[in-house]
Number of protein chains: 2
Amino acid sequence: MPKIKFDQIYETLKDNIINNRYPEHMLPREVELAEEFHCSRNTIHRAIAQLNNEGYVQSIKGRGTVILQSLPIQNDRFFLNLRSYGSIPAITQYHKADVTTSVMSFQEITVDEKLSAVTGFDPGTEVYYIQRLRYLDNKPLLRDVNYFRKDVVTGLNVSIAQSSIYDYITDTLHKKILAARRIVRIKKAEEKDKDYLSLGDYDCVGVIYNYVYISDGTLFEYTESHFVPDNFGFSEFVQY
Amino acid sequence: MPKIKFDQIYETLKDNIINNRYPEHMLPREVELAEEFHCSRNTIHRAIAQLNNEGYVQSIKGRGTVILQSLPIQNDRFFLNLRSYGSIPAITQYHKADVTTSVMSFQEITVDEKLSAVTGFDPGTEVYYIQRLRYLDNKPLLRDVNYFRKDVVTGLNVSIAQSSIYDYITDTLHKKILAARRIVRIKKAEEKDKDYLSLGDYDCVGVIYNYVYISDGTLFEYTESHFVPDNFGFSEFVQY
DNA sequence: TGGTATTTGTCCGTATGTATC
DNA sequence: GGATACATACGGACAAATACC
């Protein structure tokens, strides 16, 4: 697995930062690093840009690159970065836990004006409308409401919905997912949330709205994932 | 205000995309754009990388750069991108609304072990501990709990806390804010949330945890901003 | 206050690698 | 396999912000 050069350098620098190998809380100059890693300054610059994006350092013109103090870690829940969390299975894999799925409803419907305004699909589009419950170690974690374009995710059925729709799309249909936009909001729990999620004494749920693009740039999935407030947090890094 | 080249190109391309001037839903090739804008392919590549980051397009090796279908807009609340929202005043300015602040409590305390685990300040650090209520057009919007290092934000007082602490830091103390990390969670409303925010029949609040860095890379502020669920949403873009 | 060295930011031109069709 | 188009990398140049004398 020959990694890309700037990515190797990025990893090395990150490791050095985490293990406190720069006691001055500054990275060496870019020209110095370029010599050390036997590459151009340009490449070093890209690696450091990555460290900037992820909040490890902050570069300042004329001064150098400052290493940022690390934060207290909060491990009592899933801390997602919306930009990089990938899929639910990926999360659970990371946390060494098992996820199971039960399909509560599976229908084929046509998008009307009202649904169009919510999902972004044009009115008249044929979609699969699926409701599922995702369990983590046998405890309810998410209530998913999915809408998939029928002309993209052709041949979807309950059995596939029970295992992994994404595996079906990529491995069987050989289609590629391009990108997604996610929005998080807090909402009053619906009846179904109360019925199926273990809300305890919460009367709210978190909702992740997921808009997903297939390789030609068309929207093919709209999903709402309702979750118990306790289970998730969302983190981001900002530069001034 | 002479903008930098790749940023100008980025803006132009974004405008073209939004106004649907590429009917094939593809950007022109990078070499073509380089000719059109009289610059190197390198610069075009950077501008397009920016469009990728913000979710307007997705570049695919060997194929080109796909324009992504736009999403339905949701305008009933503040839709924040955690990475770019800046400060509360900045939000309100954008929404053409007035923000006022009332200081509920102003103390000087020393960080103990327990508070250290929450804030990231070392035990023994002297901090200002401030509770404030932020109103938008005279309706309660946020309940802020701030901790500022005394040795960084020297000479803070109630009067400053009532106007703008950030103006004080930058304009009076001439210090620069480097970066911040933000985490969003949902929590059960505390008594003070119920007392001061207009929660209606919600029993939950959203909380933004804010860790802020000053120019030498040290953490100098920890803030919790409690908000009414209705008021906010958080959006992010993801690439595969 | 002003000038100079330092350091990152931006950009160019070119070359090579690699995925797609 | 060949053509196309984006991805990565190099080395050099100048701009702009900062620090220091």
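Not measured: the values here are computed from a predicted model.

Thoughts on the overall build of chain A
Broken down by element type, chain A carries eight helices and 10 strands. Considering chain A as a whole, with its 240 residues, one finds that 51% of them fall into the buried category. Across chain A, the fraction of contacts at a sequence separation of at least 24, relative to all contacts at a separation of at least 6, is 58%. Put simply, chain A shows about 12000 Å² of open surface, and 48% of that area lies on carbon and sulfur atoms.

Section: the nonpolar core
Formed by 70 residues in total, the largest nonpolar core has its most connected members in Tyr147(A) and Tyr147(B). For Tyr147(A), the residues in contact, after removing those within four places along its chain, are Ile109(A), Leu115(A), Thr119(A), Phe121(A), Val127(A), Tyr128(A), Tyr129(A), Phe220(A), Glu221(A), Tyr222(A) and Thr223(A). Counting residues in each nonpolar core, the second largest holds 17 residues, with Phe148(A), Tyr168(A), Val212(A) and Ile214(A) among its members.

Regarding the interface of chain B and chain A
Each partner contributes residues to the interface: chain B has 58 residues there, and chain A has 58 residues. Buried surface at the junction of chain B and chain A, both sides included, amounts to about 5400 Å², of which 55% is carbon and sulfur. Inspection of the chain B/chain A interface yields two salt bridges. The partner of Asp201(A) in a salt bridge is Lys188(B), and the shortest N-O contact between them spans 3.6 Å. Taken together, chain B and chain A are joined by seven residue pairs in polar contact (both at pLDDT 80 or more). In terms of residue count, strand E7 (residues 177-188) of chain B provides more of the side of chain B that touches chain A than any other element does, 12 residues in total.

Describing the environment of Tyr128(A)
Residue and element names in this part refer to chain A. As for its position among the elements, Tyr-128 is in strand E5 (residues 126-136). Here the alpha-carbon distance between Tyr-128 and Lys-150, two residues 22 residues apart in the chain, equals 6.1 Å. Ignoring sequence-local partners within four residues, the contact set of Tyr-128 consists of Phe-106, Gln-107, Glu-108, Asn-146, Tyr-147, Phe-148, Lys-150, Val-153, Thr-154, Gly-155 and Leu-156. Within the structure, the side chain of Tyr-128 is placed 3.4 Å from the backbone nitrogen of Gly-155, a separation counted as a polar contact. There is a polar contact of 3.4 Å between the side chain of Tyr-128 and the backbone nitrogen of Leu-156.

Some thoughts on the domain arrangement of chain A
For chain A, the assigned domains read domain 1 (3-67) and domain 2 (78-235). Domain 1 of chain A and domain 2 of chain A are separated by 37 Å when their C-alpha centres are compared.

Focus on the relation of the copies chain B and chain A
These two copies of the chain differ by a rotation about an axis and a displacement along the same axis. Take chain B, turn it by 180 degrees, move it 0.1 Å along the axis, and it overlays chain A with an RMSD of 0.1 Å. Interpreted geometrically, this transformation is the action of a two-fold axis. Here 100% of the contact residues of chain B are again contact residues in chain A; the copies associate through an equivalent surface.

Quick look at the protein's contact with DNA strand D
Among the 23 residues in the neighbourhood of DNA strand D, the closest are listed as Lys5(A), Asn42(A), Thr43(A), Arg63(A) and Arg29(B). Each atom of DNA strand D within 4 Å of the protein belongs either to a base or to sugar and phosphate, the latter forming 75%. Mapped onto the surface near DNA strand D, the elements with two or more residues apiece are helix H1 (5-18) and helix H3 (41-53) of chain A together with helix H3 (41-53) and strand E1 (57-60) of chain B. Across the surface near DNA strand D, the residue classes tally to four nonpolar, nine polar and 10 charged.

Concerning the pairing of strand E2 (residues 64-67) of chain B
All names here are of chain B. Here E1 runs beside E2; their pairing, made up of four bridges, is antiparallel. Along E2, the bridge assignment pairs Ile-60 with Gly-64. Here E1 folds back onto E2, and the loop between the two strands holds three residues, one of which, Gly-62, carries a positive phi near 80 degrees.

Remarks on the packing of H1(A) against H3(A)
Residue and element names in this part refer to chain A. Relative to each other, H1 and H3 sit at 55 degrees, their axes nearing to 8 Å. Put simply, H1 runs oblique to H3. Between H1 and H3 the crossing geometry is right-handed. In this structure, H1 uses Phe-6, Ile-9, Tyr-10, Leu-13, Lys-14 and Ile-17 to contact H3, whose residues at the interface are Thr-43, Ile-44, Arg-46, Ala-47, Ile-48, Gln-50 and Leu-51.

Quick notes on the protein's contact with DNA strand C
Among the 23 residues in the neighbourhood of DNA strand C, the closest are listed as Arg29(A), His45(A), Lys5(B), Thr43(B) and Arg63(B). Counting only the atoms of DNA strand C that lie within 4 Å of the protein, the sugar and phosphate share comes to 70%. The contact in question runs from a phosphate oxygen of DNA strand C to an N or O atom on the backbone of Glu30(A), over 3.0 Å. Within the backbone of Gly62(A), one N or O atom sits 3.1 Å away from a base oxygen of DNA strand C. Among the elements of the structure, H3 and strand E1 (57-60) of chain A together with helix H1 (5-18) and H3 of chain B are those that each provide at least two residues to the surface near DNA strand C.

Conventions and cut-offs
- Residues numbered from 1 in each chain as written.
- Chains lettered and ligands numbered in written order.
- Predicted model: local features only at pLDDT ≥ 70, side-chain atom pairs only at ≥ 80, totals over all residues.
- Heavy atoms only, no water.
- Helix = DSSP H or I, 4+ residues; strand = E, 2+ residues; numbered from the N terminus.
- Buried < 20%, exposed > 50% of the residue type's maximum accessible area, 1.4 Å probe, protein only.
- Contact = heavy atoms within 4.5 Å.
- Areas by Shrake-Rupley, 256 points an atom, 1.4 Å probe, with all protein chains shown as cover.
- Core = buried A, V, L, I, M, F, W, Y, C linked by side-chain atoms within 4.5 Å.
- Buried area = accessible area lost by both parts, 1.4 Å probe.
- Salt bridge = Lys/Arg side-chain N within 4 Å of Asp/Glu carboxyl O.
- Polar contact = N/O pair within 3.5 Å; in protein donor to acceptor, adjacent residues only side chain to side chain.
- Domains from an automatic or database assignment.
- Least-squares fit on C-alpha atoms with pLDDT ≥ 70 in both.
- Near = heavy atom within 4 Å.
- Nonpolar A, V, L, I, M, F, W, Y, C, P; charged D, E, K, R; others polar.
- Pairing = 2+ DSSP bridges.
- Axes fitted to C-alpha atoms, helices over the stretch in contact; angles between N-to-C directions.
- Parallel < 35°, antiparallel > 145°, perpendicular 65-115°, else oblique.
- Left-handed = near helix turned anticlockwise from the far one by under 90°.

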